[in-house]
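# Structural overview for review
The chain contents come next:
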Amino acid sequence: MSEQTQSQEHAAEPATYDVVAAQDRWRKVWDDLNPFEAADDGSRERRYALTMFPYPSGDLHMGHAEVMALHDVIARYWWQRGYDVLNPIGWDSFGLPAENAAIRRDEHPATYTYANIETQAESFRRYGMSFDWSRRLHTSDPEYYRWTQWLFLRFRERGLAYRRSSPVNWCPNDQTVLANEQVVGGMCDRCGAEVTKRELTQWYFKVTDYAQRLLDDMEGLKATWPERVLAMQRNWIGRSEGAHVDFEIEPAGEEPGRTVTVFTTRPDTLYGATFFVVAADAKLAGEICAPEQREAFEAYLAQVRKETDIDRLSSEREKTGVFLGRYAVNPVNGERIPVWAADYVLADYGTGAVMAVPAHDQRDLDFAKAFDLPVRRVVDTGEENPEETFVATAGDGVYVNSDDLDGLTDKASGIAQIVGRLEGEGRGKGAVNFRLRDWLLSRQRFWGCPIPIIHCPTCGEVPVPDDQLPVVLPDLRGADLKPKGTSPLAAAEEWVDVDCPSCGGPAKRDSDTMDTFVDSSWYFLRYCSPDYTEGPFDPEAVRRWMPAHQYVGGVEHAILHLLYSRFFTKVLHDMGMVDFEEPFQALLNQGQVINQGKAMSKSLGNGVNLGDMIDQYGVDAVRLTMVFAGPPEDDIDWADMSPSGSLKFLQRAWRLSGDVTSEPGTPYDGGDVTLRKATHRTLREVEHLVDSHRFNVVVARVMELVNVTRKAIDSGCGPTDPAVREAVEAVAILLSLVAPYTAEEMWSRLGHEPTVAKAGWPTVDEALLVQDSVTAVVQVQGKLRAKLEVGPDISEADLEAMALAEPVIQRALEGKTVRKVIVRAPKLVNIVAG
RNA sequence: GCCCUCGUAUCCCAAUGGCAGAGGAAGAGGUCUUAAAAACCUUUCAGUGUCGGUUCGAGUCCGACCGGGGGCACCA
C-alpha cells in the first residue's frame with residue numbers, strides 16, 4: 001500500500017490481509033500447539049475420520065485438494081463439537097508406478113517413493129490438514145508389511161490363501177499378472193496395454209467364500225453408503241440363482257462315460273436343450289474330446305488361445321466352435337445331444353459347461369444358427385416362435401414340449417417343479433452361482449510385500465515362521481529391475497536361497513510380491529495402534545475406534561479397495577480379532593475435478609497444479625472453492641470455479657473481525673436480537689448440513705451470516721453491539737472448518753488466543769430459534785391467495801378463522817362451498833372449495 | 001441388454017410433500033475515485049427435461065419416456 005493512500009485512510013486498517021504471511025504465521029503456531037493428536041484417553045466420545053490414504057506419485061493435484069478439503073470439514077467439525085477425533089494419514093507406498101519411475105530414473109524405488117512422501121506430507125501440512133501426524137504409516141515400511149505377511153499366513157492357515165495354476169490376466173507391458181478388477185475393458189488398468197492370458201501358478205485369496213456375506217451385509221450400509229457404490233459391488237459379486245444339472249456323457253469307443261454338471265438359471269427349459277457346450281479352454285474339453293475330433297479341436301483351441309479379451313468383448317462377433325465327437329444325455333428325457341466346444345462359454349464361470357437351450361437364450365440360438373443345430377421351443381411366451389425368427393424369448397409363458405411341465409404358465413413354478421424332480425432323482429439341485437472370482441494376489445514385481453512362503457523340494461510350501469517375519473525385501477540397489485516376466489526377486493540368489501524351516505534342506509523363497517490392495521485392506525486398523533508390536537493391531541485400540549465413523553474417498557475404489565477391505569474385516573471377525581463385520585460405517589465419495597470435459601490428468605495435459613493455485617489465491621481460497629463448488633459427490637468442472645471469488649469472500653469475512661469494537665468476553669445477552677437470531681439459526685442449520693454432507697450449503701449459510709453482520713455493522717445496531725461480536729466469532733468458528741488460516745486471523749483479531757480450531761462449537765440458544773412471527777400462506781385449491789403474519793404458536797382453529805376472514809379469501813370463495821380446510825399451523829392453510 | 005444416478009435462471013447450485021431462490025459467478029446501473037482497481041449499494045433472469053399418476057397440495061413420491069454420467073455384460 002502506498003504512503004499516499006495510507007495517509008488517506010481514516011482507520012489505519014488495511015482492507016485485506018496478507019494471505020501468504022498468515023499462512024506462514026499460523027503454520028508455525030499450529031506446529032507448536034499440535035492440536036490434532038487424538039487423546040484416546042476416554043475423556044470424550046471418540047470419532048474416527050478416515051480418508052483414503054494417498055499413493056505417493058509426485059505432488060498433490062486438484063483431486064487431492066478436493067477430497068482433503070471435504071474430509072477436513074468433517075474432522076474439524078467433530079473437533080469443534082468436542083469429540084476426540086482420530087484423523088490419521090499414511091501412504092500406500094508400495095506399487096508399480098514407483099517401480100517404473102525408478103527404472104526410468106535408474107534409482108531404487110524406495111528413494112523415489114520416500115522423497116515423494118515427504119513432498120506430499122509437506123503439501124498436506126501447508127494445506128492445513130488437521131491430521132494426527134503421530135500415527136503416520138507407510139505400507140512399504142518393514143514394521144508395517146511384517147503384519148501384512150503375518151495376516152497372509154493366518155489367511156493361509158484358514159484355507160483362504162491358496163496357490164493354483166490357471167489362465168490369468170497378463171499385462172505384456174508391465175510384465176505382471178493382474179486381478180480381474182484391474183482389467184478394464186480388456187485393457188490394463190494402469191498402463192492401458194491389451195491384456196492377454198497366461199497359464200501360471202499364482203496365489204489367490206478365497207474371497208468367493210465370502211460372496212454371500214459381502215452381499216448380505218450391504219443391507220446395513222444402505223443408509224450411509226452411496227447407492228451407486230452398493231450397486232457396483234452388487235453387480236461385481238453378480239449373484240445368480242439357478243440349478244446344477246448332471247448330464248451323462250456317453251462312453252465312445254475306448255473313452256469311458258462320465259458325469260458333467262452344468263449351472264443354469266433356467267432349469268425349467270431343460271426340455272429345450274438341444275446341444276451341450278464346453279468352454280474350449282477348460283480342461284474338460286480336452287479330456288472328453290473324441291480321438292477323431294482331436295485334430296480339429298486342437299486347432300480350434302490354438303485359435304482361441306490367441307484371442308485377447310478385446311476380441312472376445314466385441315459383441316458383433318460370429319459364434320465359433322467345434323464338435324467334440326461325443327454325446328450327452330439329457331437327464332429329464334434321455335435324449336442324446338451333441339457336445340461342442342466353443343469360446344462363448346467361459347472356463348472360469350459356473351462349471352465351464354452349459355446346456356444349450358437355443359429357443360430361450362440368444363447366445364445359444366446364435367450358435368445353433370451358425371452350426372445348423374436344432375431349436376426347440378419349450379415356453380410359448382406369445383411372441384413369435386424363435387425356431388423361425390432366430391430371436392430367443394426369455395419371458396414367462398406356457399410350457400410346451402415339456403412333458404409334466406406342460407400347461408404351467410410361470411417360470412417360478414416351472415423351476416420349482418423341475419428342480420424338485422431333479423433333486424428327487426439325484427440328478428441335480430438348486431444352486432447359486434457368483435460372478436465374483438477369487439482374488440489373484442501375486443505379482444511378479446519387486447516393489448511390493450514379499451510373500452512369506454518357502455518352497456522346499458521335500459516339504460513343499462512352508463510358511464516362514466512368525467518369529468522370522470518380516471521377510472524384508474533385499475536391497476537390489478543398482479540391480480536390473482526391468483520386468484522380465486518373472487519376479488526380479490528370483491534373481492537375488494542370496495535372498496532366494498534359504499534353508500527350509502521345516503527340514504533344514506536347501507529351499508527357495510517365493511519370489512512374488514503381493515498386490516498392493518492387500519496392503520491397503522487393513523491400514524485403517526493399523527492406524528488405531530501404529531506402533532503395536534504384538535500383532536497387526538491392538539485389539540483394544542481397534543475396539544475403541546473402529547468401525548470408522550466416516551470414510552471419504554474417490555468412487556474409483558468403489559469395487560476394488562472397498563470390497564477387499566470388507567473381505568479382510570470379515571475374515572478378521574471370523575478369526576476373533578475384531579468384533580464388527582463392516583469396517584466403514586459411512587462412506588462419502590467425492591466427485592472428480594473435470595477440466596475441458598475430462599478428469600484432470602498429467603497425460604491429458606489438462607491438469608491444474610495445486611501449488612500454483614495456492615500461490616495465486618492462498619490455501620483457504622482453494623479449499624473454499626472446492627467445498628463451495630457443489631454437492632461433494634458431484635463432479636466439479638474447473639471452468640465453473642472461481643477461486644478469486646472465494647478469496648474476495650474470505651477478505652470480506654475477515655474485515656468483519658476488524659470492525660468489532662467490543663471487548664472479548666463481553667456477554668452477548670443484551671445484544672441486538674435480530675442479529676443474534678440470525679447467528680443461532682445459522683449455527684443450528686450448519687449442524688444439520690454438516691451431518692448430511694451438504695458442505696456447499698454450509699458455505700452459503702456462512703456467506704449469508706457475513707452479509708447480515710455487515711449490514712448490522714454499517715446500518716444496523718453498529719459495531720459496538722455485543723451481537724456483532726457474537727456473530728463474527730461464530731463466523732470465525734464456522735470458517736475454521738473450511739478456511740483455517742482466515743479463521744485463525746479473525747480469531748486473533750477478535751482478541752482470542754489460538755487456536756480457533758479448538759474454540760468449541762457455540763451453544764445454540766433454543767430461545768433464539770423461536771421466531772416472533774411467521775408468514776402463513778393461504779391457498780385456495782392449492783393456489784396462493786393471501787399471506788398472513790401470525791404468531792409462531794397460533795392454534796389451528798385460530799389460523800383457520802383468520803384465513804377464512806381474510807377479504808381476498810372471501811372473494812375467492814364467493815359462490816363456492818368450502819369442502820375441506822387443511823391447516824398446518826403456523827405456516828399454511830389450504831381451502832378446498834367447489 | 002440389465003442395474004445405479006442426475007436433469008431448477010446465462011452458468012454453478014438452494015429449497016423436512018406446503019410462498020420455486022438461500023448463496024455464488026456472469027451481466028446491467030450506481031456511490032466513492034482525477035481515473036482505474038478494490039469496497040459498498042441497487043438490479044435483470046426460470047415455473048423445475050417430457051408425459052401421466054398419487055395427493056387438499058408435487059421440483060420433491062410413483063410409473064413411462066427423453067437426455068447426461070457411471071457400473072455390469074457371450075456370466076449360462
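As recorded in an unreviewed UniProt entry, chain A goes by Leucine--tRNA ligase and comes from Nocardioides jiangsuensis. Here is the UniProt Subcellular location (unreviewed entry) comment for chain A, exactly as written: "Cytoplasm".

Another point: the pattern of salt bridges. One pass over the full model with this rule turns up 50 salt bridges. With a shortest N-O distance of 3.2 Å, Glu219 and Lys222 are connected by a salt bridge. Using a relative accessible area of 53% as the deciding quantity, one classes Glu219 as exposed. The class of Lys222 is partly exposed, set by a relative accessible area of 45%. A salt bridge links Arg725 to Glu729, with the nearest nitrogen and oxygen atoms 2.8 Å apart. Of this pair, Arg725 and Glu729 both sit in helix α25 (residues 722–735), four residues apart, which is roughly one turn of the helix. The exposure class assigned to Arg725 is buried, which follows from its relative accessible area of 2%.

The next point concerns the packing of helix α21 (residues 619–628) against helix α24 (residues 695–715). The geometry of α21 relative to α24 is characterised by a closest axis approach of 7 Å and an angle of 115° between their N-to-C directions. Two secondary-structure elements touch here, α21 through Leu624, Val627 and Phe628 and α24 through Phe695, Asn696, Val699, Ala700 and Met703. Tallied by class, residues from the contact of α21 with α24 come to seven nonpolar, one polar and no charged.

What follows covers the sheet that holds strand β2 (residues 84–86). Across a sheet, paired strands are connected by hydrogen bonds in the backbone, their directions being either parallel or antiparallel. The four strands are arranged β2-β1-β26-β27 in an open sheet whose pairing can be described as parallel. In the strand order of this sheet, the two ends are held by β2 and β27 (587–590), each with one partner. Averaged over all pairs of adjacent strands, the angle between strand axes in this sheet comes to 20°, irrespective of strand direction. Here three bridges tie strand β1 (residues 46–51) to strand β26 (residues 550–554), and the two strands are oriented parallel to one another. Across the sheet, the residue bridging to Leu50 is Tyr551, located in β26.

Enumeration according to the criterion identifies two cavities of 30 Å³ or more in this entry. Around the largest cavity sit 15 residues that line it, and Gly95, Leu96, Arg443, Met514 and Thr516 are the ones nearest its centre. Residue assignment for the lining of the largest cavity shows that the elements contributing at least two residues are α4 (96–105), β6 (176–178) and β25 (513–514). Here the lining of the largest cavity is built from residues that sort into four nonpolar, six polar and five charged. For the second largest cavity, the calculated volume is near 40 Å³. What lines the second largest cavity is simply Leu624, Phe649, Val698, Val699, Val702, Leu734, Leu735 and Val738. Only α24 and α25 provide two or more residues apiece to the lining of the second largest cavity.

In this section: unusual backbone geometry. Here Leu469 and Pro470 are connected by a cis peptide whose omega angle stands at 0°. Put simply, Ala825 and Pro826 share a cis peptide bond, and its omega is 0°. Residues other than glycine seldom take positive phi values, yet Asn401 does so here, at roughly 55°. Positionally, Asn401 belongs in the loop between β17 (398–399) and α14 (411–425). Backbone geometry at Asp403 places phi at a positive 55°, although glycine is not the residue there. Turning to its location among the elements, Asp403 is positioned in the loop between β17 and α14. Taking relative accessible area as the criterion, Asp403 reaches 52% and is therefore assigned exposed.

Near RNA strand B there are 47 residues, and of these Thr265, Arg317, Arg363, Arg435 and Asn830 occur at the shortest range. Counting only the atoms of RNA strand B that lie within 4 Å of the protein, the sugar and phosphate share comes to 62%. Contact distances for RNA strand B include 3.2 Å between a base nitrogen and a side-chain N or O atom of Arg437. Lys787 has a polar side-chain atom sitting 2.3 Å from a base oxygen of RNA strand B. Of all elements in the fold, only α8 (227–237), β11 (258–264), α22 (643–659), α24, β31 (774–780), β33 (818–824) and β34 (828–833) reach the threshold of two or more residues within the surface near RNA strand B. Residue composition of the surface near RNA strand B, grouped by class: 20 nonpolar, nine polar and 18 charged.

Now for α25. Here α25 is 14 residues long and its end C-alpha atoms lie 20 Å apart, about the 20 Å a rise of 1.5 Å per residue gives. Burial runs high along α25: 14 of the 14 residues are buried. Regarding α25, its N-cap is Asp721, as a side-chain oxygen of that residue lies 2.7 Å from the backbone nitrogen of Ala723 further along.

Quick look at the packing of α25 against helix α26 (residues 740–749) now. Two elements in contact, α25 and α26, have axes whose closest approach is 8 Å; the angle formed by their N-to-C orientations is 155°. In terms of axis orientation, α25 runs roughly antiparallel to α26. Here the hand of the crossing between α25 and α26 comes out left-handed. The segment α25 lies against α26, with Val728, Glu729, Val731, Ala732, Ile733 and Leu735 engaging Pro740, Thr742, Ala743, Met746 and Trp747. A breakdown of the residues in the contact of α25 with α26 according to their chemical character gives nine nonpolar, one polar and one charged.

What counts and what doesn't
- Residues numbered from 1 in each chain as written.
- Chains lettered and ligands numbered in written order.
- Predicted model: local features only at pLDDT ≥ 70, side-chain atom pairs only at ≥ 80, totals over all residues.
- Heavy atoms only, no water.
- UniProt positions renumbered as here; feature names shortened; annotations may be inferred.
- Salt bridge = Lys/Arg side-chain N within 4 Å of Asp/Glu carboxyl O.
- Buried < 20%, exposed > 50% of the residue type's maximum accessible area, 1.4 Å probe, protein only.
- Helix = DSSP H or I, 4+ residues; strand = E, 2+ residues; numbered from the N terminus.
- Axes fitted to C-alpha atoms, helices over the stretch in contact; angles between N-to-C directions.
- Contact = heavy atoms within 4.5 Å.
- Nonpolar A, V, L, I, M, F, W, Y, C, P; charged D, E, K, R; others polar.
- Pairing = 2+ DSSP bridges.
- 1 Å grid on protein atoms, 1.4 Å probe; cavity = no way out; pocket = protein on both sides within 12 Å on 5 of 7 lines; lining within 4 Å.
- Points joined across faces, edges and corners; volume = space filled by probe spheres on them.
- Near = heavy atom within 4 Å.
- Polar contact = N/O pair within 3.5 Å; in protein donor to acceptor, adjacent residues only side chain to side chain.
- Expected span 1.5 Å × (residues − 1).
- Parallel < 35°, antiparallel > 145°, perpendicular 65-115°, else oblique.
- Left-handed = near helix turned anticlockwise from the far one by under 90°.

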